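Chain by chain, the residues:
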Amino acid sequence: QVQLVESGGGAVQAGGSLRLSCAASGSILWVNLMGWYRQVPGNQRELVATITRDGNTNYTNSVKGRFTISRDNYKKTVSLQMNSLKPDDTAVYYCNAGIASTLLRFESPYWGQGTQVTVSS
């Protein structure tokens, strides 16, 4: 079974940094687009950043210049380096990936369980 597991969340003061990581595991044929989303209770889940297999990135405007997404295709991991964190960045961050598994031989979206990021002022 395919799984995505996030790590690296925590509490930090405004201006601080955190690095989130997400590892895909299981019987995987390929991992296509990977990304990070975040959600505040009561709000819609929103896209933070995505990265293609060849390294093309896309960021929501509010994190441009502060966050950097990266991936390792061999390790099947994606990371999000978050610098200059703001209280508005507080949310549960979810890893997402389009994955084709050996069982289901077509690409399907997978989600991690989420990791809490809390930025205090």
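In the block above lies the structure referred to throughout.
First, a word on scope: everything that follows refers to the structure included in this document. (Residues numbered from 1 in each chain as written. Predicted model: local features only at pLDDT ≥ 70, side-chain atom pairs only at ≥ 80, totals over all residues. Heavy atoms only, no water.)

The number of helices and strands found in the protein chain is zero helices and eleven strands. What you see in the protein chain, going N to C, is helices and strands ordered as β-β-β-β-β-β-β-β-β-β-β. Computed over the C-alpha atoms, the radius of gyration of the protein chain is 14 Å, within 12% of the 14 Å expected from 2.2 N^0.38 for a compact globule of 121 residues. The buried share of the protein chain, reckoned over its 121 residues, is 40%. Within the protein chain, residue pairs in contact and separated by at least 24 positions form 57% of the contacts whose partners lie at least 6 positions apart. Of the accessible surface of the protein chain, which amounts to about 6,600 Å², a share of 47% is contributed by carbon and sulfur atoms. The protein chain carries 11 positive and 7 negative side-chain charges, and their two centres are separated by 4 Å. (Helix = DSSP H or I, 4+ residues; strand = E, 2+ residues; numbered from the N terminus. Rg over C-alpha atoms; globule rule 2.2 N^0.38 Å. Buried < 20%, exposed > 50% of the residue type's maximum accessible area, 1.4 Å probe, protein only. Contact = heavy atoms within 4.5 Å. Areas by Shrake-Rupley, 256 points an atom, 1.4 Å probe, with all protein chains shown as cover. Lys, Arg positive; Asp, Glu negative; His and termini not counted. Charge placed at Lys NZ, Arg CZ, Asp CG, Glu CD.)

This part is about the packing of aromatic side chains. The final tally for this structure, using the stated rule, is one aromatic pair. Directly above the aromatic system of Tyr94 lies the positively charged group of Arg45, at a separation of 3.6 Å from the ring centroid. Between the NZ or CZ atom of Arg45 and the centre of the ring of Trp111, over which it lies, the distance is 4.7 Å. (Phe/Tyr/Trp six-rings, centres within 6.5 Å; stacked < 30°, edge-to-face > 60°. Lys NZ or Arg CZ within 6 Å of the ring centre and 35° of its normal.)

Applying the stated criterion to the full structure yields one disulfide. Across the disulfide from Cys22 sits Cys95; the S-S distance is 2.1 Å. When the S-S torsion is -80°, as for the bridge of Cys22 with Cys95, the disulfide is left-handed. Residue Cys22 is found in strand E3 (residues 18-25), and its partner Cys95 is found in strand E9 (residues 91-101); the two are separated by 73 residues along the sequence. (Disulfide = S-S within 2.5 Å.)

What follows covers the sheet that holds strand E7 (residues 67-72). Taking strand neighbours across the sheet as the criterion, the four strands line up as E1-E3-E8-E7 in an open arrangement whose pairing is antiparallel. Two strands in the sheet have a free side with no partner beyond their single neighbour: strand E1 (3-7) and E7. Across the sheet, the mean angle from the axis of one strand to that of its neighbour is 15°, orientation sign disregarded. In terms of strand pairing, E1 meets E3 through five bridges, oriented antiparallel. Residue pairing for E3: Ser7 is matched across the bridge by Ser21. (Pairing = 2+ DSSP bridges. Axes fitted to C-alpha atoms, helices over the stretch in contact; angles between N-to-C directions.)

This paragraph deals with the side chain of Arg38. Here Arg38 shows up in strand E4 (residues 28-39). The exposure class assigned to Arg38 is buried, which follows from its relative accessible area of 6%. Only 2.9 Å separates the side chain of Arg38 from the side chain of Tyr93, close enough to count as a polar contact. In this structure Arg38 touches Gln44, Arg45, Glu46, Val48, Ser62, Val63, Phe67, Asp88, Asp89, Ala91, Val92 and Tyr93, once residues within four positions along its chain are discounted. (Polar contact = N/O pair within 3.5 Å; in protein donor to acceptor, adjacent residues only side chain to side chain.)

As far as function goes, none of this settles anything; it's purely spatial.
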